[in-house]
Every structure is written in structure tokens, then in C-alpha cells.
Amino acid sequence: MTECTSLQFVSPFAFEAMQKVDVVRLASLSDPELRLLLPCLVRMALCAPADQSQSWAQDKKLILRLLSGVEAVNSIVALLSVDFHALEQDASKEQQLRHKLGGGSGESILVSQLQHGLTLEFEHSDSPRRLRLVLSELLAIMNKVSESNGEFFFKSSELFESPVYLEEAADVLCILQAELPSLLPIVDVAEALLHVRNGAWFLCLLVANVPDSFNEVCRGLIKNGERQDEESLGGRRRTDALRFLCKMNPSQALKVRGMVVEECHLPGLGVALTLDHTKSEACEDGVSDLVCFVSGLLLGTNAKVRTWFGTFIRNGQQRKRETSSSVLWQMRRQLLLELMGILPTVRSTRIAEEADVEMELTVSVYSGLKEEHVVKASALLRLYCALMGIAGLKPTEEEAEQLLQLMTSRPPATPAGVRFVSLSFCMLLAFSTLVSTPEQEQLMVVWLSWMIKEEAYFESTSGVSASFGEMLLLVAMYFHSNQLSAIIDLVCSTLGMKIVIKPSSLSRMKTIFTQEIFTEQVVTAHAVRVPVTSNLSANITGFLPIHCIYQLLRSRSFTKHKVSIKGDSVRLNQHFSITAQLLVLYYILSYEEALLANTKTLAAMQRKPKSYSSSLMDQIPIKFLIRQAQGLQQELGGLHSALLRLLATNYPHLCIVDDWICEEEITGTDALLRRMLLTNNAKIHSPKQLQEAFSAVPVNHTQVMQIIEHLTLLSAGELIPYAEVLTSNMSQLLNSGVPRRILQTVNKLWMVLNTVMPRRLWVMTVNALQPSIKFVRQQKYTQNDLMIDPLIVLRCDKRVYRCPPLMDITLHMLNGYLLASKAYLSAHLKETAEQDRPSQDNTIGLVGQTDAPEVTREELKNALLAAQDSAAVQILLEICLPTEEEKAKGVNPDSLLRNVQSVITSSSPSKELEEGEDNLLCNLREVQCLICCLLHQMYIADPNIAKLVHFQGYPCELLPLTVAGIPSMHICLDFIPELIAQPELEKQIFAIQLLSHLCIQYALPKSLSVARLAVNVMGTLLTVLTQAKRYAFFMPTLPSLVSFCRAFPPLYEDIMSLLIQIGQVCASDVATQTRDIDPIITRLQQIKEKPSGWSRICKDPANKDGSRDTTSMDPDVQLCHCIESTIIEIINMSVSGI
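K.L.:
Residues and numbers for the overall build of the protein chain, please.
P.N.:
Counting its regular elements, the protein chain contains 65 helices and two strands. As displayed, the protein chain has an accessible area near 54,800 Å², and 54% of this comes from carbon and sulfur atoms.

K.L.:
A description of the side chain of S378 should follow, citing residues and the corresponding values.
P.N.:
Mapping S378 onto the fold places it in helix α22 (residues 374-389). You can call S378 buried: its relative accessible area is 9%.

K.L.:
Before we move on, could you go through the packing of helix α11 (residues 166-179) against helix α13 (residues 199-209) and cite the residues and values that matter?
P.N.:
Between α11 and α13, whose axes approach to 10 Å, the crossing angle comes to 45°. Between α11 and α13, the crossing angle belongs to the class labelled oblique. In terms of crossing hand, the pair formed by α11 and α13 is right-handed. Between α11 and α13, the residues in contact are L166, E167, A169, A170, L173, C174 and Q177 and W201, F202, L205, L206 and N209, respectively. Its residues placed into classes, the contact of α11 with α13 shows nine nonpolar, two polar and one charged.

K.L.:
If you had to explain the packing of helix α36 (residues 622-630) against helix α38 (residues 639-650) to someone new, which residues and values would you point to?
P.N.:
Axis separation between α36 and α38 bottoms out at 10 Å; the angle between their running directions is 150°. By the criterion of interaxial angle, the relationship of α36 to α38 is roughly antiparallel. With respect to the hand of their crossing, α36 and α38 are arranged in left-handed fashion. On α38, the residues that touch I622, I626, A629 and Q630 of α36 are H640, L643, L644 and L647. Counted by class, the contact of α36 with α38 contains six nonpolar, two polar and no charged residues.

K.L.:
Quick rundown of the environment of L133? Include the residues and the values.
P.N.:
Looking at where L133 falls in the secondary structure, it is placed in helix α9 (residues 127-147). Look at L133 and you get buried, because its relative accessible area is 2%. Expressed as a C-alpha distance, the spacing of L133 and E121, which sit 12 residues apart in the sequence, is 8.3 Å.

K.L.:
Can you lay out unusual backbone geometry for me, pointing to particular residues and giving the numbers?
P.N.:
Positive phi values are uncommon outside glycine, yet V21 reaches one of about 50°. A positive phi angle is found at N198, which is not glycine, with a value near 65°. Mapped onto the secondary structure, N198 falls in the loop between α12 (186-193) and α13.

K.L.:
So, the environment of M477: which residues are in play, and what are the values?
P.N.:
One can find M477 in helix α26 (residues 468-480). For M477, a relative accessible area of 4% corresponds to the buried category. With 41 residues separating them in the primary sequence, M477 and F518 have C-alpha atoms 8.7 Å apart.

K.L.:
Just give me the short version of helix α16 (residues 253-263), but keep the residues and values in it.
P.N.:
Given 3.6 residues to a turn, an α-helix orients residues that are three or four positions apart in the same direction. Along α16, the residues that are buried comprise A253, V256, R257, M259, V260 and E263. Buried residues of α16 fall within an arc of 155° about the axis and therefore sit on the same side. Against the buried residues of α16 lie α14 (214-223), α15 (233-248), α17 (267-280), α18 (289-299) and α19 (303-318).

K.L.:
Explain the pattern of salt bridges to me, using residue names and the numbers behind them.
P.N.:
Considering all chains together, one arrives at 27 salt bridges under this definition. Here K20 and E16 are joined by a salt bridge, their closest N and O atoms 2.9 Å apart. Remark: E16 and K20 occur in helix α1 (residues 12-20); sequence separation between them is four residues, near one turn of the helix. For K20, a relative accessible area of 56% puts it in the exposed group. Here D171 ties to R35 by a salt bridge, and the two come within 2.5 Å at their closest N and O atoms. Pair noted here: D171 is in helix α11 and R35 is in helix α3 (residues 31-35), with a separation of 136 residues, a long-range link. Overall, the relative accessible area of 4% leaves D171 in the buried class.

K.L.:
Describe in detail the nonpolar core, supporting the description with residues and values.
P.N.:
Among the nonpolar cores identified, the biggest contains 180 residues, and L245, F309, M331, F425, M427 and F513 are the most heavily contacted of them. Apart from residues lying up to four places away in sequence, F425 is in contact with W447, L448, M451, M471, L472, V475 and F513. Membership of the second largest hydrophobic core comes to 131 residues, among which are L1038, Y1052, C1066 and L1119.

K.L.:
An account of the environment of S432 is needed here, citing residue identities and associated values.
P.N.:
As for its position among the elements, S432 is in the loop between α24 (415-430) and α25 (438-462). Taking C-alpha positions, S432 is 6.7 Å from S505, a pair spaced 73 residues apart along the chain. Within the local environment of S432, its side chain forms a polar contact with the backbone oxygen of S505, the two atoms lying 2.9 Å apart.

K.L.:
Residues and numbers for the state of the cysteines, please.
P.N.:
The tally for this structure, following the rule as stated, stands at zero disulfides. No disulfide involves C1120; its sulfur sits 4.4 Å from that of C1066, the nearest cysteine.

K.L.:
Would you mind going over the side chain of T494 in detail, with residue names and values included?
P.N.:
Checked against the element boundaries, T494 lands in helix α27 (residues 484-495). Exposure remark for T494: the relative accessible area of 9% places this residue in the buried category.

K.L.:
So, α15: which residues are in play, and what are the values?
P.N.:
Helix length check: α15, at 16 residues, gives a terminal C-alpha distance of 23 Å against a target of 22 Å (1.5 Å per residue), a fit within 8%. Counting buried positions along α15 yields 12 of 16 residues, so the element is predominantly enclosed. Along α15, the positions that sit buried rather than exposed are G234, G235, R237, R238, T239, A241, L242, R243, F244, L245, C246 and M248. For α15, the elements touching its buried residues are α1, α12, α13, α14, α16 and α17.

K.L.:
Go over the packing of aromatic side chains with me, naming the residues and quoting the values.
P.N.:
In this structure the tally under the stated criterion is 11 aromatic pairs. Residues F9 and F244 carry aromatic rings whose centres are separated by 4.5 Å and whose planes lie at 5° to one another, so their mutual orientation is stacked. Here F9, found in the segment before α1, pairs with F244, found in helix α15; they are 235 residues apart in sequence, far enough to count as distant. For the pair Y587 and Y591, a centre-to-centre distance of 6.2 Å together with 25° between the ring planes defines the contact as stacked. Residue Y587 and its partner Y591 are located together in helix α33 (residues 578-597), separated by four residues, close to a single helical turn. Note on Y587: relative accessible area 48%, which makes it partly exposed. Among the residues examined, Y591 registers a relative accessible area of 24% and is labelled partly exposed. Every member of this aromatic cluster is reached through a ring pair, and the members are F160, W201 and F202.

K.L.:
Any details on the confidence of the model for the protein chain? Residues and values, ideally.
P.N.:
Chain-level statistics for the protein chain give a pLDDT mean of 79 and a share of 78% at 70 or above. No element of the protein chain has a lower mean pLDDT than helix α21 (residues 349-354), which averages 37, and none a higher one than helix α55 (residues 943-952), which averages 94. Counting contacts from residues 838-852, a segment whose pLDDT is below 50, to residues more than four positions away or on other chains yields four contacts. Counting interchain partners and residues more than four positions distant, the pLDDT-below-50 stretch residues 1094-1099 has 10 contacts.

Rules used throughout
- Numbering of residues begins from 1 in every chain and follows the order in which that chain's sequence is written.
- Restriction of local features to residues with pLDDT of at least 70 applies here, the model being predicted, together with a cutoff of 80 or more for giving and counting side-chain atom pairs; totals for whole chains, interfaces and linings are based on all residues.
- Each side-chain value is derived from all of the structure's non-hydrogen atoms; neither hydrogens nor water enter the calculation.
- Going along the chain from the N terminus, every DSSP run of H or I of four or more residues is numbered as a helix, and every run of E of two or more is numbered as a strand.
- The protein chains shown are the only cover counted for residues, whose accessible areas, like all others here, come from Shrake-Rupley with a 1.4 Å probe.
- The cut-offs for exposure are 20% and 50% of the maximum accessible area for each residue type, with area from a 1.4 Å probe on protein chains only; residues under the lower value are buried, those over the upper are exposed, and the others partly exposed.
- To define axes, lines are fitted to C-alpha atoms, for helices over the stretch in contact only, and angles between the resulting N-to-C directions are given on a 0 to 180 degree scale.
- For classification purposes, an angle smaller than 35 degrees is called roughly parallel, one larger than 145 roughly antiparallel, one from 65 to 115 roughly perpendicular, and anything else oblique.
- By definition, any crossing whose near helix is turned counterclockwise from its far helix by less than a right angle is left-handed, and any crossing with a clockwise turn is right-handed.
- Whether two residues touch is decided by their heavy atoms; if any such pair falls within 4.5 Å, the residues are in contact.
- The residue classification treats Ala, Val, Leu, Ile, Met, Phe, Trp, Tyr, Cys and Pro as nonpolar and Asp, Glu, Lys and Arg as charged. All others, Gly included, are polar.
- The arc in question is traced by the directions running from the helix axis to the C-beta atoms.
- By definition, a salt bridge exists where a carboxyl oxygen of Asp or Glu is found within 4 Å of a side-chain nitrogen of Lys or Arg.
- Here, nonpolar core refers to any group of buried Ala, Val, Leu, Ile, Met, Phe, Trp, Tyr and Cys residues whose side-chain atoms link them within 4.5 Å.
- Here a polar contact means two N or O atoms within 3.5 Å. Within protein one must be a hydrogen donor candidate and the other an acceptor candidate, and residues neighboring in sequence count only if both atoms are side-chain atoms.
- Cysteine sulfur atoms that pair up within 2.5 Å are treated as a disulfide.
- Under the convention used throughout, the expected extent of a helix is 1.5 Å for every residue step, that is, one less than its residue count.
- For Phe, Tyr and Trp, where Trp contributes only its six-membered ring, two rings pair if their centres lie within 6.5 Å, and the inter-plane angle classes them as stacked under 30 degrees, edge-to-face over 60, or tilted in between.
- pLDDT runs from 0 to 100 and stands for how confident the predictor is about each residue.

The following block contains the structure:
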């Protein structure tokens, strides 16, 4: 807006005084500066203030004194005395009229019959009419803006263009906006002012008189602005207006710039504000704000911002008018000045001497980059890389020349200097077009030769473990092997940005490297001298010797040029660290996985590579190494996650969730507190002393208790020497009289050891817990034995079944070996995939059946695993049953559910509560809980196991325990209909009994539907079963009907009808033999026909327990008595429920 350059704007000093209402500062303003702020000051002096303090009263007096000598105040006072309510009503009517007539009408309610032009009318009018004139003109512009659909237009208006009346028009504008804020929102007024001459000046005065609206106005203008402001007149006017606003309030300039980036509008404004800030905050040594801002836009993570600013750069280059008025031109000029500012011009004869003889001695080179300029130089290089590679900037000859001089300068030997040289080298590779003349090419060759010569000095002086020498060497190797894509990846990685580099652009650089600087033999000989990187980790930046050695080994360069690398191997072995151990482990696991995955391919090629033996794998402390890697994840990069993936695939028994949770407890805050309590006493106990203490356990428990309590303070690694002693003496802990605390502490120590040496610990524990049989030598099992047959774990001493701490350990090992067995059999199947494949000569069958043996072997494997799992479950369920000795001692064989229910529903809680607690607080009950937890995990991991086990069946005495103790038993509802449909009567009985307990535990709609199905099936079976089978089926299933009624009262009618029907069938069978059954049938019929008699029957002591004459041996008579008892129990349940 060049039309505003001659006008006086509000100064930053005055604006800040208005913002803070600093009367002292306002009093120091000159008359022209004070004139611009009169509308706000007059309103402040005349309007009733909200602040009634004494200090404001004094300030108000000063303002009145300040205004008393200004003549223009009288006209503003007159403007404030107008009836603004009537003016607002007329303005609203005019807006409605404009909308109704299409906006282009000359009719006006605010201003009628203009005799002269707007300027003369404004001159001759009084205050009310002046307000109406300005308001009418402003509303017309605002309406046109709203109808323009974003297209910019320029409105010629005498009122806003006449230099004589600008101040008076500004006064009227400020008063109107202040008094009619709802009619004239300040953001809409600001938008309208962009379309008139001197709009920026009016806008600044308006905001200066309402200083609190600065951020609101700026955000509104930016939000409504163009995405590319330099492309249109409207965009440039908007940018200029916002620049004037920020010059008036420079403290908010960077905040406005943030709004620009946030909205992705007006990129030119963002650059212009940065240029203004850079000039005002000049910094010679540090990185300028302009470099930081533009680098952040192009190298940040926001792709939308990057694309938006890149478009600004590209469009700016396409415009022919590349004058000093262009923001892009100003930015490039400022960057070039900063670049030249850090390049001291020095004529170096030393460099000329190092160059070829043909090089002109008069070439002026740049050298000796100052240490304080190195970081800034690196930032400038990356910025120019981003501008050229991402935004598509095409450098001018001057820019290219200065960039080349900067890239070939020689920094000091510091870490920042190493970084600068690496960036310069990669920029030369990425933008080889910067080297266009023979002189520039020779300068580059001299600089590359200097890099090779000074590499060792830089590395020793700077202390950087991976310097530019390795990268230079690696690039040379890639050029020799023509791996141009690898060079491009290396360049992008070093520069930290993804840019497009055409392989054809590297042809000249390839010639220079392969023929002039680095021949292949030089590369190979140089690589041997590269030192081994110590403390290898992911935190080391740059390119390492291992990259170079790997590439040379891959290309067989050492063999080709007869270069010995024996010394290198020795140095690598000397630096063997935890990282190297993890890498070796990763290699072994990856190799084994690849071998299994490609078994068929290798067999077809008649190749059988050797695999690592199981004995070797058993010796590798896999879990210990993984635990070490977990604490070094930052240093190891992605190695830890890659190892976990391989571990979960090949060693699932080392990835049990419970183990990870246990590790968190061991390595958490509690562990830290235990370490703080660690005393010297805990460290002095040797494994031998622990063995002696265990030997004295039958006589003295105190010593072993003291030692193992001290051992709990040690870390997992420190406990490893005690593992063998702990496991070998576990059998002694099974003797009677061993305190529970010793058992629990041993369990705790075992779990800690399990986090570092699980496989070896499991083998030792299984062997230690074998039953001791006289004159029979115990077999020593190996890891392989236990993976082939996991059930060996359960062939332990029977006393373990009633020792909860040791049973917990046994179940943990069983779960691990079941998982290990699955992985072992899968691997074995892959290894032997070709052994059972029939040859082509012996194949008999149809075409297309060649894969049949594979399918059969897979099915056999799955069948074996299913049988293995189900056998383990059946053994564990059998362990849950009380032994004959326990039954003799009065241990209740019932389940957790029945015990709890008996305690809850008991009318005399005192005695039965004690009995229930005695039954609950016993070793059997604790073992049952541990087994139920394991079965729950197995059912969740593979629901098919639950289905298989229940189709096999188990003692019905365990149903209350399994249903109440295994939370995942609800999945049985899915297959109970299928189980009921089985032809075997035993399975049907088991299904109905199981369903009765599930209905009580899970009274769900699904349970109701399955229960209704079971009742219908029972009714159907009644009609088809013989007398003997009827008795065998209904005697155990009739009590289940009581549970159905308890869970689902809507089934009452169906169940009662079924019971009556069963009784009638039984009565009909014995009708010809005896009439003893008739009284029962009569009672049953009365119950059905007269429900009111239920309570009488319930209260009858003779009927309370269903006690009848049961001396009859007739099955039908016994079944009728059972029916009567079932009905009475249902009635009793209903009455007690009511």
C-alpha cells in the first residue's frame, strides 16, 4: 500500500502506552501522535468508568488536562452526543432494504438526497450527518465484500481518499465501531478497509483506539486471507496491512507469524515478519531467526505446512517481476548476505600448492571458517538443501558460487566441524549442478583430498566416534559397486531430509571418486586402518566402521586385493560387549527362522544347511540377554523389538505374560527399596552355607529361613549361583513340619530366578521334585525330554499336589513346557517336511493328491497337541479331588460355590461359617484355586481345549468348582447344545449337569435359551428311553431342574409339566404290578391343579425333605420319589425366595 507511505502511523511507543493506559507516556506524545488516539481518549474521559479507584480518578484528571488544549476534541465530543440507538435502527433498516433490493440500489435511509459529492457533504454536515455518511459508505463496502465470494475488488471512495478529511473520517469510524459493535464487528470492518485507498492507515488507527482487539483483527485477516498472498493484489494489500499492524505492535509480530503458519495462509507475510524481526534482532554469530523459521517450515513434521511453503517458493520463481518489492527476493537476498557474512576472504597459497600445477594460482578460495560460525554455516547448508531439494529453489549464479565456497571451506576440528564437513560432502553429492566450471571442479577435488588427509586428525581431536572419513569411504565403495541408490539413501539420511536425487546426476562424481580420489585398492587398504567403534549403540550418529567392513566383505574386496583382515577380527573380539552378544543372538535366531521358513526350497535345491544344535541353544542365556536388552532400548534402536518378535515365534515359553508382570515387580520401586535394605550379611552367605542350612531343616528351621530371607534382597543375576542349591533341596521342603514361610520364600526366589534362567531352572526343578522310590534310580530329564513330553512335569512327588507354593512352581513349568512343545513340534514338522513325502515312482493315487501327506502330518501334530493339553487338564482336575485320607478327615469335597452358598444362606451362621472357613482355608482349596487360574489361561488361549475336555467329561463332583473357579467357563454355553446332541447317555447327563451350574453362575439370555433347549430334550428323551435308561438318565439330571428354576423362574411351568409327565410315565409302567405309586401321582396332580396347596405341602414335616417309603427296589418307584423331592425342593426354593 504505497498510498499510505506519506501518512503518519501510530508509533509502537504510543500503542504500548494505549495498551497499558500509561498516562505519563501519553502525556509525552507529540500533538500529531496524540491526534491519532483522540477517539479513544475522549471516550475514556467522558464515559462512566468501571474502575472506581482513586488512582484512576487521578489518571482521568490527567487525561482531561491533556485533552483540554486540543481543538479537535470538540468535534469528537459532538460525535459522542448523537442518539446511537436511532442511528442503529436506521442502519438496520437500510441493510434490510439493501438485501431486499439486491444491494445495488441507490436508495438510502441513513443518507437521503445528497446535493454534492461525499467530500463536500461531509464538510458541510453536522456531527449526526457525518456519522450517517460514513456509516452508509462503510455498510455498502461491507455488503459488497460479503457478496464477492472471496474475489478481491477495489472500491473508490472520496470519503477515504481525501487527504484533508482523513483524520475526521477516522474519528467518525472509530466512534461508530466503538458505539455500534454489534452492527460493525471490528473484524468485518477491518476486512472492508482493505478494499479502499488508505485502508491500512485507517485499520491501524482503528486498532490503536481499540488496542485489545489486535489479536482478534490479525487472526481474522489471516483466516480470510489467500493461501498464496504474492499472487494477487488482494493478498499483497492484506500482507501490507498486517505488516503495518505488526510494526505498530512489534511484540506480537512472532505471534502473528504463528497464526500464519497455523492457518497456512499468507506465506509472504510470515517471511516478511521474519525479515523485519531479523533486522531488528541482528545476531552476527548465532543462527538467525530467518534461517530457523524457514528451516522449521521445510524440515518440520507437518507435511501440509511443507507443501504450502514449497508452493510459495515455486510460484515466486515463476513470476517475471523478481524485484526488490518481492518478499521472496528479499528473503533470498538476506540469506545470501548471511552466507557471505561468515565467509572470510583469504588467499591461501598453501591450497594452491596442494592443487594440481594446472590450477590457476589466482583463484580466490575461502578457508579458515571460524569456530563460532560453524553451527550457523551448517544450518545455512541444510536450509539451502531444503530450499533446493524440497521447495524446488533454483539458485542464481551468485548463490551457487557462494554456496560452493562455503561447502569447500575448512572448519576447525570440533564435533560441529565434523558435522559441517559431512553436510557439505552430502550437499555436493545431492546438488552436483553447483559445480559447473573446471575451476570449481578442481576446487572440489582439492577439498575432497583434504578430507582424506585430515580425517584422522579430526577424529582424534574432535572426539567424535564416527567422523566423515567413514562416510567418504562408504561412498567410494558404493561408487565402485555402482550402488547409486545406496548413496542417495546415505545422503538423505545425513542431511535429515527426503529429497529427489537422480542417479544420472552422480555420473561425474562417480568418475572423480573411482578414477581420481579412491581407487578400489586404496579403499580396501584404507578400510583396514579404520578403528573399531567402542561402546556400539544406536545413539552413535553418522556412519560407522561396521558399515564399511560389511560392504567390503560383501563385495569380496579384501580377497580380491589380498588385504589381510586378521587384525580387524582380533580388535572386534576385544570389544565384544552386550550389544555384540545381542547381535549374535539375533543372528542365530534369524538364521534358524530363515532355515525353517525355507526348508522346502532348500530340499528342492538338494541343499541341507546345518542348524545350531539344541544343546548349544540351551547354553545361551536367552532370557538374561533379552532382559539386558530391555534396559538398553534407547541404545539398541530397534534390536530389542526384533528380538522379541523372534522370541515369541521360536520360544513362546519365554514370553509368558505372567513372567513379564513378575519382572516388572522385580525391577520396580519395591526392588529399589529392597536394595536400600541390603546389608553385608546378605552378601556373605555362600551356596555352600545354604546347602548346610537345608541339611539341618529337619532339626532347625531358623538358619535356612534367615539365609533365604537375606537372599530375597539380591538381584536376579546375583541369585544365579544359588539356583542349584535351591532346586536340589526342594524335595526336603515336602516333609511335614516345614513352616509355610520357608515355602513361600523359596517360591519367591524361584520366580526371581525364572526371569533370568528359566529353561535351566525348569530342568533342575523337575529333576529335583521327582518321587523318591527306594532301590530305583531317578532318571535325569533333559530340556529336550520335557519339550517332547510336558506331562513329565506332573509325574512329580504326590506331596507337591498339596503344597501350594511348590504346586505354583509346577504349574508354571507345565504351562511353559506345553507352549515349548507346540513350538518344538511345529519346528520338527518343518524340518522333516520332505522326509515323509513319497517319491514320484511310488506315488499311487489321483492327480493333485501330492500334498495329502503334509496335511496328514499337520493334522497328526494338532491331534497330538490337543491330546497333550487335554491330558494335562484331566490330570489337574483329578488333583482337585480330595483323596480318601482327606475325605476321612472331613474335608468337604464340594466346590467353592457350594461352600460359599452354604455360608451365605445359612440361618445359623456361627457354626456353619466356621466349617465353611475350615474348608476354604486348606491346602486343597489353595491348590484348586491355582489350578483353576491355569485352566482359565488355557481355555482363553485355545477355547477348543475347553470343548475337548468337556466332551471327554470329568467327575460331576468337580462341576461346582470349575464353574465357579474358572471365569472362562461361560464359553461352554456355545457347545452345550452340541454336547446334548451326542448319542451317549453319559455325555447328555454331563451336559445337563454342567448347564445347571452355568445357569446359576451366568444367568444370561443365552443361558436361558440353552436351558429351555435342555428341558425340551429331556421331554423328548422321556418318550424314547427304556425303563432302565430312563432311570439312569433322570435320576442324576432331575436335581438340575431345581437350578434351572432358581436361575430362570419363567421355566417353572415347563419344568413342572415335565416332572408330572415323568411321574405319569413311571406310574403307567407299574400300574399292572402295584398301586403303591398312586398316592404319589395323586399328590403330583394336586400340586399341578391346586397351586394354593403348595405352602401346606411345604409345611408338612413329612414332606419337607421328601421322605417317603423308599424301601421299594422298583426303579420307577424310586424315580417317582425323586420327582416328588425335586418338586418339593422347587416349592421350598420359591417360598423362601418370596
